[in-house]
Amino acid sequence: MRTQIVAGNWKMNKTVSEAYDLAIELVTGLRAVRETEVVLCPPFVSLTTVKSAIANTMLKLGAQNMHDQDKGAFTGEVSPLMLAGLVDYVILGHSERRQHFGEDDAFINRKVRAALRHGLRPILCIGETLAQNERGETEAVLSTQLHAGLAGVTPDEAARVVIAYEPVWAIGTGRAATAADAQDRCAYIRAQLSARFGEVAAAMRIQYGGSVTGANAAEILAQPDVDGALVGGASLKAEEFIAIVRSVKSKL
Ligand code: 13P
């Protein structure tokens, strides 16, 4: 069975000292959680601080982005070589990166392959905009982003990839997908993964992201093809994030 995975994407929030305080609150509140993988993704500048706060706990660390090159003249960027050994996971292809920073599928694919090469686990984000959804293009968009993002990835490597289905219209809007729609899309993604990677797809984790809260998490996370959540706003409040993690039920 798939280990459920809940990740908090803190986005561009929290100073270093605030990040430390939040991580300590989460360590305390999530001490008893054993079966769900929990990943904290603070901004780059707080990675080492949060890493020390969660040392010797079950909590894992993730970055929110990275460049695909190991080093060089890329002012302001962070490389996979720098993240290897520091974090376990790296969020790639988030819709905010696609939308505000012009990242395309080819660049995201290079990042995914670079992450895998360096032993990092990519959380590859895919999702349709409201306009695409209304035009009935959701499956086509998911299929394109998924296959382009995973081009050149082997089945062995795919087992280390997490997919996050994040409909853009649900991000930060307070309007989450219904549990039934989240299930439907995640099942579609799994079918695509299965066509591409064979039986490995049954072991790959697919998260839902977009306005997940303590109030709606239980129903969404109970869906058979939803293996966890990628949480934005609600991951910034310890109580709320703890409630989301605790709402994961065993699917055995
Ligand atoms: P919200 O949970 O704030 O809607 O953000 C979701 C998200 O983008 C996580 O990556």
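As a starting point, this report considers the structure included with it. All values reported here derive from a predicted model rather than from experimental measurement. (Residues numbered from 1 in each chain as written. Predicted model: local features only at pLDDT ≥ 70, side-chain atom pairs only at ≥ 80, totals over all residues. Heavy atoms only, no water.)

For the structure on display, the rule yields 1 aromatic pair. Positioned above the aromatic ring of Phe101 is the side chain of Arg97, whose terminal nitrogen or guanidinium carbon lies 4.0 Å from the ring centre. (Phe/Tyr/Trp six-rings, centres within 6.5 Å; stacked < 30°, edge-to-face > 60°. Lys NZ or Arg CZ within 6 Å of the ring centre and 35° of its normal.)

What follows deals with the sheet that holds strand 2 (residues 37-41). The strands making up a sheet associate through backbone hydrogen bonding, with each pair oriented either parallel or antiparallel. The parallel closed barrel is built from 8 strands, whose spatial order is 1-2-3-4-5-6-7-8. Looking at each pair of strands side by side, their axes are set apart by 25 degrees on average, direction ignored. Bridge analysis of strand 2 against strand 3 (residues 60-63) gives 2 bridges, and the strand direction is parallel. Considered in strand 3, the bridge of Leu40 is made with Leu61. Where helix 7 (residues 138-149) meets the sheet, its contacts fall on strand 5 (121-126) and strand 6 (162-165), and the angle it forms with strand 5 comes to roughly 155 degrees. (Pairing = 2+ DSSP bridges. Helix = DSSP H or I, 4+ residues; strand = E, 2+ residues; numbered from the N terminus. Axes fitted to C-alpha atoms, helices over the stretch in contact; angles between N-to-C directions. Contact = heavy atoms within 4.5 Å.)

What follows covers the packing of helix 1 (residues 16-29) against helix 11 (residues 238-246). Two elements in contact, helix 1 and helix 11, have axes separated by 10 Å at closest approach and are oriented at 35 degrees. The hand of the helix 1/helix 11 crossing is right-handed. Together, Leu22, Glu25, Leu26 and Gly29 of helix 1 and Ala238, Phe241, Ile242 and Arg246 of helix 11 make up the contact between the two elements. When its residues are assigned to classes, the contact of helix 1 with helix 11 shows 5 nonpolar, 1 polar and 2 charged. (Left-handed = near helix turned anticlockwise from the far one by under 90°. Nonpolar A, V, L, I, M, F, W, Y, C, P; charged D, E, K, R; others polar.)

One pass over the structure, following the stated rule, counts 12 salt bridges. Lys60 is the partner of Glu37 in a salt bridge, and the nearest nitrogen-oxygen pair spans 2.8 Å. You can see Glu37 sitting in strand 2 and its partner Lys60 sitting in strand 3, a full 23 residues away along the chain. Several salt bridges converge on common partners, so that one network encompasses Arg2, Arg190, Asp225 and Asp227. (Salt bridge = Lys/Arg side-chain N within 4 Å of Asp/Glu carboxyl O.)

With that settled, the discussion passes to the nonpolar core. One finds Leu26, Leu40, Leu83, Leu150, Ile163 and Leu193 to be the most contacted residues of the largest nonpolar core, which totals 71 residues. No other element matches the 7 residues that helix 9 (residues 179-197) contributes to this core. Beyond its immediate chain neighbours, meaning those up to four positions away, Leu83 contacts Phe44, Leu47, Ala63, Asn65, Met66, Val78, Val90 and Leu120. If you look at the next biggest cluster of nonpolar residues, it comprises 11 residues, including Ile5, Cys41, Cys125 and Leu230. (Core = buried A, V, L, I, M, F, W, Y, C linked by side-chain atoms within 4.5 Å. Buried < 20%, exposed > 50% of the residue type's maximum accessible area, 1.4 Å probe, protein only.)

Within the fold, Ser95 resides in helix 4 (residues 95-101). Judged by relative accessible area, Ser95 falls into the buried class, the value being 11%. Those residues in contact with Ser95 that sit more than four places away from it in its chain are Val168 and Ile171.

On to unusual backbone geometry, then. Although it is not a glycine, Lys14 adopts a positive phi angle of roughly 80 degrees. For Lys14, a relative accessible area of 29% translates into the label partly exposed.

Let us now look at the side chain of Gln132. With respect to the helices, strands and loops of the structure, Gln132 is situated in helix 6 (residues 130-134). A distance of 2.8 Å separates a polar side-chain atom of Gln132 from the backbone nitrogen of Thr129. In this structure, Gln132 is in contact with Glu137, Thr138 and Val141, ignoring residues within four places of it in sequence. (Polar contact = N/O pair within 3.5 Å; in protein donor to acceptor, adjacent residues only side chain to side chain.)

Attention shifts here to the site of the ligand. The local shell around the ligand holds 13 residues, among which His94, Glu166, Gly172, Ser211 and Gly233 are the closest. One of the side-chain nitrogen or oxygen atoms of Asn9 is found 3.0 Å away from an oxygen atom of the ligand. At 2.8 Å from an oxygen atom of the ligand is found a main-chain nitrogen or oxygen belonging to Gly233. Within the complex, the protein chains bury 95% of what would otherwise be the 310 Å² of accessible surface of the ligand. Class assignment of the residues belonging to the shell around the ligand gives a composition of 4 nonpolar, 7 polar and 2 charged. (Near = heavy atom within 4 Å. Areas by Shrake-Rupley, 256 points an atom, 1.4 Å probe, with all protein chains shown as cover.)

Counting buried positions along strand 2 yields 5 of 5 residues, so the element is predominantly enclosed. The two faces of strand 2 match: Glu37, Val39 and Cys41 on one face and Val38 and Leu40 on the other face are all buried. Sheet analysis places strand 1 (residues 5-9) next to strand 2, joined by 5 bridges and oriented parallel. Within strand 2, the position partnered with Asn9 by the bridge is Cys41. Crossover handedness for the path strand 1 to helix 1 to strand 2: right-handed. Crossover handedness for the path strand 2 to helix 2 (residues 47-53) to strand 3: right-handed. (Right-handed = clockwise from strand over helix to strand, strands pointing away.)

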